[in-house]
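Residues per chain are reported as follows:
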Amino acid sequence: MAIPLRYNLRSLVVRWRSTIATALGIALVVAVFVMVMSLARGLNATYISTGDPRNLLVLRKGSTAESSSQITRDEVRQIRYLAGIARNAAGEPIASPEIQVLVQMDRIDRTGTAHVLVRGLGPVGIELRPQVQIREGRMFRQGLNECIVSQRIAHRFVNCRIGDRFPGGKAEWTVVGIFDAAKTAYESEIWVDADEARAAFNRSFYGSILLRPVTDAASVTALTNRIESNRDLSVRVLSETEYYKEQTNTGAPIQFLGSFLAIVMSIGAVFSAMNTMYASVGARIREIGTLRVLGYKRRDIYASFLIESVLLALLGGALGCAFSLPMNGIATGTLSWNTFTEVAFEFRITGELIAKGMVFALVMGVLGGLLPARLAARKPVLDALRSI
Amino acid sequence: MTIPGFILRNALRNKRRLSLTVLSVALSLFLFTTMQTALHELTQPPTSEDAALRLVVRNKVSLGNVLPSKYRPRLERMPGVSHVMKLTWFGGIYKDKANFFPQFAVDADQLSPVFSEAEIDPKQINDFINEKNACDVGIKTMQRFGWKIGDRITLQGTIWPCNPELIIRGVYRKGIDMTNLFFHHEYFDELMGNQGLVGMYWICAENAGVIPDLVKRIDSTFANSESETKTETERAFQLGFISMFGNIKVLIGSISTVIVFTMILVTASTMSMAIRERSREIAILKAIGFDGWQIFGLILAESFGLAAAGGLIGCFGADILYRHLDIYSLSHGVLLKLDVTPSILAAGLTVAVLLGIISCLVPSYMSIQTSVVDGLKELD
């Protein structure tokens, strides 16, 4: 028969000072782990939620990001009217030649500058991204050097409120609208008209073409082959979702930091849990003896102490997850090495991450409890009873 | 028995607890030192006397925009300028995307005068200058791929639609970022069909005094031209670059705070355990005439010693470890090295000392407050 769980709970309550200190130690380790990982998670989620699996993206061969790709006007002409591209209500092909330019802007908190991606696109490009919704103001109009900025950019950079103007290339851009992009990568962008952007930034090239093939798998493959096998075109075609998936390596250093911290800090936390459990065993030698006399087996004692250590760690884990929860949804940003621009994202604490944090706490509890529990189980009954 | 002997005996009586506590303090200070060093490496670019004379001229719009190569003669003619070098970020792939290292197209003959602190064999400089598709590579990148002089490598352009085929002619071993690869801007221009574009100009000023005027002169010369410029010192340029990563300082600062706080918790809890165990002894000490301050002194000395031992192991352990580790490949190229500076060591040890003091305050207060009779009544 196992020793009742209540015995462990009471023992934790009686030693409340060391229980709290140890649980808090484990809590902080779990909180740091969950928070750093939620950064990486938020960054990845931003990219993964962007892109429509039905769309194809055309980039220059060898290019890894839209902002460093070049598509000539001639290439645009050839690709745009290929068979297999869907047409919109007006009968135009749904193919959007776009240009991406980096513009350096000052941060609102005056901590420096960053590069923001300015995307030049036309009505078809806007049609292809229904997740982008104007929240304040209106859409830009052609011929006036107007732009719309995402909510997150408006919060993070100066001169990005409605009515503000900022210089970019040979033009001054007026902000006329603020958009919400449903937490996708477009939340890190400023949108302007494609032709105006090419004129202002002196570009004869486009950066990419986003297009929508007619919807059946065979024609998608046929269209891809038709574009990629054409020797006049130095381009590659990939699905839009695939492109954004490639960008997720931006989070790798953060993930590394998270794992490194978690490993080193958890060793410290295991040591502290061991200390607490050893002290707890040391103070209860007579109780252990009594339990043995009552007929509990060595393995019952072993299990009981291990369970106590795990309970302690799980308490810490739960506290740690609770500490990290307020970070959920807080916006931040970092540099993407692929596009060389600021990518705005938010801490994202998912259920899975919480579960990982709890498993992590559980492992710390088991590791911290193994040796003290063994010590407790091995105490000879008579010695245990005799000790004061 | 002497007082120090008494303290030592007390500290050593539970060796298991002592070592666990010292080790957990050591680990925390190891982490603290690591975080502070990483922060230092990321936010304080190395400076040298030569670097102080260098200016970076780039397109005002952003680093992603280029400048015309025809600006060069105009820059060279400006008073106070001793050298002008074109420098274009190539950003190519060597075999696989994961093999990232920085690559630049530069004016071959200007590389040594501009980056005068880069240590390289003078004969290798000449070999590099005299061969159109030669390249100079930093020792770290040479070691990483096991390259030797004379090897041929091909870079696949991601930003620029060309694939330079290069021969390694020089290795520089010290002074500047030892992961860089430099190749001829002329060769790059040729591959790109002489489009007349340059990423940046790196300029050497004759002396520090001319820099403020030079910065103004360059930017005003090209104001209202097709490509306006932004000129800044190398240091300002690097700091600006770092600020693009976002607020690293806040992230690392808050993590360090959490680590220190966790440490205090762990040590304080251990100290209270150690002292609760001996409440009877403390009561006896009081009964034989030790006063509160003396008892506080005994406890403080023990806790201080414990924290200091952990601090020494953690801080110097980090220092020794990072001298022998290849940080560059471990951190996926984010960090070049981790140099634990004396000031970081000092900060770490200060934290350890404060930790020793703070963590014994509550337990000593409690034991001093307990009356002799209550203390003697305690069983464990």
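Because the structure is a prediction, the values reported are computed rather than measured.

Asks: What is the right way to read the overall build of chain B from this model?
Replies: The secondary structure content of chain B amounts to 16 helices and 12 strands. Taken over the C-alpha trace, chain B has a radius of gyration of 30 Å; the compact-globule value for 380 residues is 21 Å, which it surpasses by more than 25%. In terms of principal-axis extent, the alpha carbons of chain B reach across some 95 × 45 × 30 Å. Counting only residues that meet the buried cut, chain B has 39% of its 380 residues in that class.

Asks: Explain the overall build of chain A here, please?
Replies: Assigned secondary structure in chain A consists of 13 helices and 12 strands. Relative to its length of 388 residues, chain A is extended, with a C-alpha radius of gyration of 30 Å against a globular reference of 21 Å. Seen along its three principal axes, the alpha-carbon backbone of chain A occupies a region of about 95 × 50 × 30 Å. Going through the 388 residues of chain A one by one, you find that 52% of them count as buried. The contacts in chain A between residues at least 6 apart in sequence include a share of 83% that link residues at least 24 apart.

Asks: Looking at this structure, how should I read helix α2 (residues 16-48) of chain A?
Replies: Because each turn of an α-helix spans 3.6 residues, side chains separated by three or four positions end up pointing in the same direction. The first and last C-alpha atoms of α2(A) sit 45 Å apart over 33 residues, in line with the 48 Å expected at 1.5 Å per residue. A large share of α2(A) lies buried, amounting to 28 of its 33 residues.

Asks: Looking at this model, I keep getting lost on the interface of chain B and chain A. Mind explaining?
Replies: How big an interface is tends to be reported as the loss of accessible area on association of its parts. Listed as interface residues are 43 residues of chain B and, on the opposing side, 51 residues of chain A. Elements represented by at least two residues in the side of chain B that touches chain A include exactly α2 (15-43), α10 (234-243) and α11 (248-277) of chain B. Of the residues forming the side of chain B that touches chain A, the biggest block, 11 residues, is contributed by α11(B). Each residue belonging to the side of chain B that touches chain A can be placed in one class, and the counts come to 20 nonpolar, 19 polar and 4 charged.

Asks: What exactly am I supposed to notice about the environment of A:Ala45 here?
Replies: As for its position among the elements, A:Ala45 is in helix α2. For A:Ala45 and A:Ala185, which are 140 residues apart along the polypeptide, the C-alpha to C-alpha distance reads 9.2 Å.

Asks: How should the pairing of strand β1 (residues 56-60) of chain A be read in this particular structure?
Replies: Side-chain positions along a regular strand alternate between the two faces of the sheet. All names here are of chain A. Taken across its 5 residues, β1 has 5 buried, putting it largely inside the fold. The pairing of β1 with strand β9 (residues 208-211) spans 3 bridges and is antiparallel. Residue pairing for β9: Val 58 is matched across the bridge by Ile 209.

Asks: Teacher, can you tell me more about the pairing of strand β4 (residues 103-106) of chain B here?
Replies: All names here are of chain B. Burial of the side chains of β4 extends over both faces: Gln 103 and Ala 105 are buried on one face and Phe 104 and Val 106 on the other. Bridge count for strand β3 (residues 81-89) against β4 is 3 bridges, and the pairing is antiparallel. The partner of Thr 88 across the bridge, within β4, is Ala 105. In this sheet, strand β9 (residues 181-184) lies alongside β4 in parallel orientation, the contact comprising 4 bridges. If you follow Ala 105 over to β9, its bridge partner there is Phe 183.

Asks: Would you take a moment to explain unusual backbone geometry for this structure?
Replies: Leaving glycine aside, a negative phi is the common case for residues, and trans is the common case for peptide bonds. The backbone of A:Asn202 shows a phi angle near 60°, a positive value even though the residue is not glycine. Its place among the elements puts A:Asn202 in the loop between α6 (194-200) and β9. The phi torsion at B:Asn194 lies on the positive side, around 45°, for a residue other than glycine. Note on B:Asn194: 10 C-beta atoms within 10 Å, which makes it exposed.

Asks: Help me out: how do you make sense of the packing of α2(A) against helix α11 (residues 298-324) of chain A in this one?
Replies: Residues and elements named next belong to chain A. Between α2 and α11, the shortest axis-to-axis distance is 6 Å and the interhelical angle comes to 45°. Judged by the inter-axis angle, α2 sits oblique to α11. At the point where α2 passes α11, the crossing takes the right-handed sense. Looking at the contact of α2 with α11 residue by residue, the classes come out as 16 nonpolar, 8 polar and no charged.

Asks: Sorry if this is basic, but what is going on with the environment of B:Met271 here?
Replies: All names here are of chain B. One can find Met 271 in helix α11. Classification of Met 271 as buried rests on a count of 24 C-beta atoms within 10 Å. Taking C-alpha positions, Met 271 is 8.8 Å from Glu 302, a pair spaced 31 residues apart along the chain. Beyond its immediate stretch of four places on either side in the chain, Met 271 contacts Ser 303, Ser 359, Cys 360 and Pro 363.

Asks: Looking at this structure, how should I read the packing of helix α9 (residues 252-283) of chain A against α11(A)?
Replies: Two packed helices can be described by the angle between their axes and the distance between those axes. All names here are of chain A. Close contact between α9 and α11 brings their axes to 11 Å; oriented N to C, the two are set at 135°. Comparing their axes, α11 and α9 come out oblique. By crossing handedness, the relation of α9 to α11 is classed as right-handed. When α9 is examined against α11, the residues Ala 273, Met 277 and Val 281 are found in contact with a partner set consisting of Phe 305, Ser 309, Leu 312 and Ala 313. Broken down by class, the residue content of the contact of α9 with α11 amounts to 6 nonpolar, 1 polar and no charged.

Asks: What exactly am I supposed to notice about the nonpolar core here?
Replies: Soluble globular proteins: nonpolar side chains tend toward being buried together. Counting 154 residues, the largest nonpolar core has A:Ile26, A:Val30, A:Val32, A:Phe33 and A:Val58 as its most contacted members. Ranked by the residues each element gives to this core, the list is headed by α2(A), at 19 residues. If sequence neighbours within four positions are ignored, A:Val58 has contacts with A:Ile71, A:Ile79, A:Ser208, A:Ile209, A:Leu211, A:Ile227, A:Val235 and A:Val237. With 49 residues, the next largest nonpolar core counts B:Val84, B:Leu87, B:Phe182 and B:Val215 among its residues.

Asks: I would appreciate a short explanation of the confidence of the model for chain B in the present structure.
Replies: All names here are of chain B. Predicted confidence across chain B gives a mean pLDDT of 86, with 96% of residues reaching 70 or more. When pLDDT is averaged over each helix and strand of chain B, the minimum, 72, is found for helix α14 (residues 327-330) and the maximum, 95, for β9. On the interface metric, ipTM, the complex scores 0.79, and its pTM is 0.83.

What counts and what doesn't
Residues numbered from 1 in each chain as written. Chains lettered and ligands numbered in written order. Predicted model: local features only at pLDDT ≥ 70, side-chain atom pairs only at ≥ 80, totals over all residues. Helix = DSSP H or I, 4+ residues; strand = E, 2+ residues; numbered from the N terminus. Rg over C-alpha atoms; globule rule 2.2 N^0.38 Å. Buried ≥ 20, exposed ≤ 12 C-beta atoms within 10 Å, placed from the backbone. Contact = placed C-beta atoms within 7 Å. Expected span 1.5 Å × (residues − 1). Nonpolar A, V, L, I, M, F, W, Y, C, P; charged D, E, K, R; others polar. Pairing = 2+ DSSP bridges. Axes fitted to C-alpha atoms, helices over the stretch in contact; angles between N-to-C directions. Parallel < 35°, antiparallel > 145°, perpendicular 65-115°, else oblique. Left-handed = near helix turned anticlockwise from the far one by under 90°. Core = buried A, V, L, I, M, F, W, Y, C linked by C-beta atoms within 7 Å. pLDDT = per-residue confidence, 0-100.

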